[in-house]
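Here is what each chain is made of, one letter per residue.
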Amino acid sequence: MNAADFVPLLRGLVWTVALTGGAFLIGAVLGVPLLAARQSRLWPVRFLAMTVIQIVRAIPPILWLFIIFFGLGMSVMPINPFNAALMGLGLIAAANMAEIYRGAVASIHHGQWEASAALDLGRWSTFRDIVAPQAFRVALPSAASYLIGLMKETAVASTIGVAELAYQGNQLSQLTFRGLEVFALVGLFYVLLSLPIAWLSRVADGYLRAKVAR
Amino acid sequence: MFPTQDEIAAWLPDLLGGLSISLQVTALSLAIGIPFGLVLALGVLAKSRFLKGLSLFLVEVGRGAPALVLLQFIYFGLPTTGLTLGSFSAAVIALAWNTGAYTSEIIRASLQSVAHGQREAAEALGLNRFDELRYVLLPQGLRVALPALLGFSILIFQGTSLCFTIALPELVSRAYEIGSTTFRYFPALLAAGVLYAAISIPAALLVNHVERRAGLYAQR
């Protein structure tokens, strides 16, 4: 392999990062209403949210991408591979983030809810001002390890033709007939990508801890 | 939008055949991967520098690289060294490696969760290291590891869908093939999704149940 072979891999890297960031953002945002529905006082809403989360998590990512890209793409409206991957992975991320948020909210001491009730803060204000800031800190490490997992999951987008890292590796191995090195290199790229995320999460965690530790 | 009754009747044998392959790959990967995970866990804890380094390498690669890349590395990569594998064996090797790498962390943590006094007692009784592991550490450690191992098994079952990329005729491949011959992609893929859910959701409920029971055990 020579230096020119790296160029497509680097281009793939950009798509992998875009897909990971986009899907995570969708999941982090959509996870909030999903959590709210999951904790709703109305049981049909709660049941519906629980069912949605279970179903989303029960079906493998690759099948979600196929359902959206081939299924919806062929029968409802054409959709480009990147958007289909973003939709599918964003959906999966939303279900998983809702569960991460739920764990974090559950870890908040019930005295905090009681104190807020005593102060007559109201449900929304309690959540926004008291519970969410504390839960955020608890959720951060799980969210970071989920982000790393999601980054590796984006490799499935290669099956619907998104030109990310795994896809470029596949193309390159067919061109050069050096599958062993190419796939080893691609694997190494994924490992390298996960390092800054892990580092950032540790830094953020330390920063947030320091703020509370006064 | 949805498959008709006739379509379901026509597709079901094919889809169930695919599901059976998915389940076979899952079972074999777990049967090889979990003992491999135990070996890796012991390797990481070993005193020998070489064993420790090798185990750490296998664990970090198995966890760090996406399962899809491991699969393609073994199926498309190894032939360049002259070793060509069928898609079924390549799938089992890649997923067993993946399983071993993840479960080694689960097993290591659970072995280390066994109370220190148990180790000392085993030593005082003069058990050798192998007997200590077999009679003292594993029975107690595996009980702690069980919920996590079961949860991971569901992920491996879903992970078999990646074998689509190496032309293994498992569930996703079959559904895709039906889609491409009949042009009824959405109903065919939906049917595959229902089959996955029919196995994953009860399995997830079972894992929840085991987790709660294990939690009760830990509280006593």
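Scroll up to find the structure.
Definitions and limits used
- Along each chain, numbering runs from 1 in the same order as the chain's sequence is written.
- As a convention, the first chain written is A and the first ligand written is 1, with the rest following in written order.
- In keeping with the predicted nature of the model, local features appear solely for residues at pLDDT of at least 70, side-chain atom pairs appear and are counted solely at 80 or more, and the whole-chain, interface and lining totals rest on all residues.
- The basis for every side-chain value is the complete set of heavy atoms in the structure, and neither hydrogens nor water enter the calculation.
- By definition here, a salt bridge exists when the distance from a side-chain nitrogen of Lys or Arg to a carboxyl oxygen of Asp or Glu is within 4 Å.
- Whether a residue is buried, partly exposed or exposed follows from its accessible area with a 1.4 Å probe, protein chains only, as a fraction of its type maximum: under 20%, in between, or over 50%, in that order.
- Going along the chain from the N terminus, every DSSP run of H or I of four or more residues is numbered as a helix, and every run of E of two or more is numbered as a strand.
- We call two residues in contact whenever any of their non-hydrogen atoms come within 4.5 Å of each other.
- A simple way to read buried area is as the amount of 1.4 Å-probe accessible surface that goes missing from two parts once joined, with both sides added.
- Any pair of nitrogen or oxygen atoms within 3.5 Å is treated as a polar contact; in protein, a donor-acceptor pairing is required on top of that, and neighbouring residues in sequence qualify only through side-chain atoms on both sides.
- An expected span of 1.5 Å times one less than the residue number is assigned to each helix.
- Fitting axes to the seven residues ending at a residue and to the seven starting there, one defines the bend at that residue as the angle between these axes.
- The rule is short: rings of Phe, Tyr and Trp, with Trp giving its six-membered ring, pair when the centres are within 6.5 Å, and they are stacked under 30 degrees, edge-to-face over 60, tilted in between.
- Remark: a charge is flagged as sitting over a ring if the NZ atom of Lys or the CZ atom of Arg is within 6 Å of the ring centre and within 35 degrees of the ring normal.
- A pocket here means an open set of points on a 1 Å grid, computed over the protein atoms alone, that has protein on both sides within 12 Å along at least five of seven lines. A cavity is instead a set of points where a 1.4 Å probe fits but cannot get out; residues with an atom within 4 Å of a point line either one.
- Grid points are joined across faces, edges and corners, and a volume is the space filled by probe spheres set on the points.
- Patch membership requires more than 30% relative accessible area and the absence of a salt bridge. Residues of like charge join within 9 Å; the nonpolar side chains Val, Leu, Ile, Met, Phe, Trp and Tyr join within 5 Å.
- Per-residue and other accessible areas were derived by the Shrake-Rupley procedure at a 1.4 Å probe size, with only the shown protein chains allowed to occlude residues.
- In this analysis, axes come from line fits to C-alpha atoms, helices being fitted only over the stretch in contact, and the angle between any two N-to-C directions falls in the range 0 to 180 degrees.
- Working definition: roughly parallel below 35 degrees, roughly antiparallel above 145 degrees, roughly perpendicular at 65 to 115 degrees, and oblique for all remaining angles.
- Each residue receives one of three labels: charged for Asp, Glu, Lys and Arg, nonpolar for Ala, Val, Leu, Ile, Met, Phe, Trp, Tyr, Cys and Pro, and polar for the others, Gly being one of them.
- Residue types Ala, Val, Leu, Ile, Met, Phe, Trp, Tyr and Cys, when buried and joined through side-chain atoms within 4.5 Å, form a set referred to as a nonpolar core.

Draft legend 1. View of the pattern of salt bridges. Counted by the stated rule, this structure contains nine salt bridges over all chains. A salt bridge links A:Glu181 to A:Arg178; the shortest N-O distance between them is 2.7 Å. Among the residues examined, A:Glu181 registers a relative accessible area of 35% and is labelled partly exposed. Judged by relative accessible area, A:Arg178 falls into the partly exposed class, the value being 35%. Here B:Glu105 ties to B:Arg108 by a salt bridge, and the two come within 3.1 Å at their closest N and O atoms. Here B:Glu105 pairs with B:Arg108, and both are found in helix α4 (residues 87-113), just three residues apart, close to one helical turn. Take B:Arg108: its relative accessible area is 22%, and that puts it in the partly exposed class. Via salt bridges that share partners, A:Arg38, A:Glu99 and A:Arg102 belong to a single interconnected network.

Draft legend 2. Examining the interface of chain A and chain B more closely. Facing the 33 residues of chain A at the interface are 34 residues of chain B. A per-residue breakdown of the area chain A buries against chain B is headed by A:Lys152, A:Leu180 and A:Phe183, which together make up 21% of the total. Inspection of the region where chain A meets chain B yields zero salt bridges. Summed over the shared surface of chain A and chain B, the number is six residue pairs in polar contact (both at pLDDT 80 or more). Per-element tally for the side of chain A that touches chain B: the top contributor is helix α3 (residues 61-75) of chain A, with nine residues.

Draft legend 3. Broad picture of α4(B). In a regular helix each residue adds 1.5 Å, so 27 residues correspond to 39 Å; α4(B) covers 38 Å between its end C-alpha atoms and thus fits that length. Most pronounced at B:Thr103, the bend in α4(B) amounts to some 25°.

Draft legend 4. Molecular detail of the packing of aromatic side chains. With the rule as written, the count across this model stands at 14 aromatic pairs over all chains. The interplanar angle of 50° and the centroid separation of 5.9 Å between the aromatic rings of B:Tyr176 and B:Tyr185 together place this pair among those described as tilted. Judged by its relative accessible area of 7%, B:Tyr185 falls in the buried class. Site record: aromatic cluster; members linked through ring pairs are A:Phe66, A:Phe69, A:Phe70, B:Phe164, B:Tyr176, B:Phe183 and B:Tyr185. Just above the ring of B:Tyr102 sits the side chain of B:Arg63; from NZ or CZ to the centre is 5.9 Å.

Draft legend 5. Structural detail: the layout of surface pockets. Residue and element names in this part refer to chain A. Roughly 870 Å³ of volume is contained in the second largest pocket. Residue lining of the second largest pocket: 30 residues in total, with Val 32, Leu 35, Tyr 101, Phe 127 and Ala 132 positioned closest to the centre. Mapped onto the lining of the second largest pocket, the elements with two or more residues apiece are α1 (3-38), α4 (81-106), α6 (123-153) and α8 (179-212). When residues of the lining of the second largest pocket are assigned to their parent elements, the largest contribution, twelve residues, is made by α6.

Draft legend 6. The arrangement of the side chain of B:Ser161 in detail. Relative to the helices and strands, B:Ser161 resides in the loop between α6 (129-159) and α7 (171-182). Ignoring sequence-local partners within four residues, the contact set of B:Ser161 consists of A:Pro60, A:Ile62, B:Glu170, B:Val172 and B:Tyr196.

Draft legend 7. Fine view of a nonpolar patch on the surface. On the surface, a nonpolar cluster with roughly 450 Å² of combined accessible area is contributed by A:Val76, A:Met77, B:Met1 and B:Phe2. For A:Met77, the position within the fold is in the loop between α3 and α4. Classification of A:Met77 by relative accessible area gives partly exposed; the value is 47%.

Draft legend 8. Main features of the packing of α1(A) against helix α2 (residues 43-58) of chain A. Residue and element names in this part refer to chain A. At a closest axis distance of 7 Å, the pairing of α1 and α2 adopts a crossing angle of 130°. The orientation of α1 relative to α2 falls into the category oblique. Residue-level contacts link Leu 34, Ala 37 and Arg 38 of α1 to Val 45, Arg 46, Ala 49, Met 50 and Ile 53 of α2. In the contact of α1 with α2, the residues fall into six nonpolar, no polar and two charged.

Draft legend 9. Up close: the nonpolar core. The biggest cluster of nonpolar side chains holds 99 residues, and the ones touching the most others in it are A:Leu63, A:Phe66, A:Tyr146, A:Ile160, A:Tyr190, B:Leu15 and B:Leu189. Setting aside residues up to four positions removed in sequence, A:Phe66 forms contacts with A:Gly71, A:Thr159, A:Ile160, B:Phe164, B:Val172, B:Tyr176 and B:Leu189.

Draft legend 10. Quick look at unusual backbone geometry. Unlike most non-glycine residues, A:Phe177 shows phi in positive territory, near 60°. By the element assignment, A:Phe177 lies in the loop between α7 (165-176) and α8. You can call A:Phe177 exposed: its relative accessible area is 66%. A positive phi angle is found at B:Ala167, which is not glycine, with a value near 60°. Mapped onto the secondary structure, B:Ala167 falls in the loop between α6 and α7. Note on B:Ala167: relative accessible area 61%, which makes it exposed.

Draft legend 11. Spotlight on the side chain of A:Gln168. Residue and element names in this part refer to chain A. Looking at the element boundaries, Gln 168 is found in helix α7. Classification of Gln 168 by relative accessible area gives buried; the value is 10%. Reaching out from Gln 168, the side chain makes a polar contact with the backbone oxygen of Ala 163 at a distance of 3.4 Å.

Draft legend 12. Here's a closer look at the packing of α6(A) against α8(A). Residues and elements named next belong to chain A. Running from amino to carboxyl end, α6 crosses α8 at an angle of 175°, the nearest separation of the two axes being 10 Å. Between α6 and α8, the angle is such that the two are roughly antiparallel. Touching Phe 136, Arg 137, Leu 140, Pro 141, Ala 144, Leu 147, Ile 148, Met 151 and Lys 152 of α6 are Tyr 190, Leu 193, Ser 194, Ile 197, Ala 198, Ser 201, Ala 204, Asp 205, Leu 208, Arg 209 and Val 212, all from α8. Residues of the contact of α6 with α8, tallied by class, amount to 14 nonpolar, two polar and four charged.

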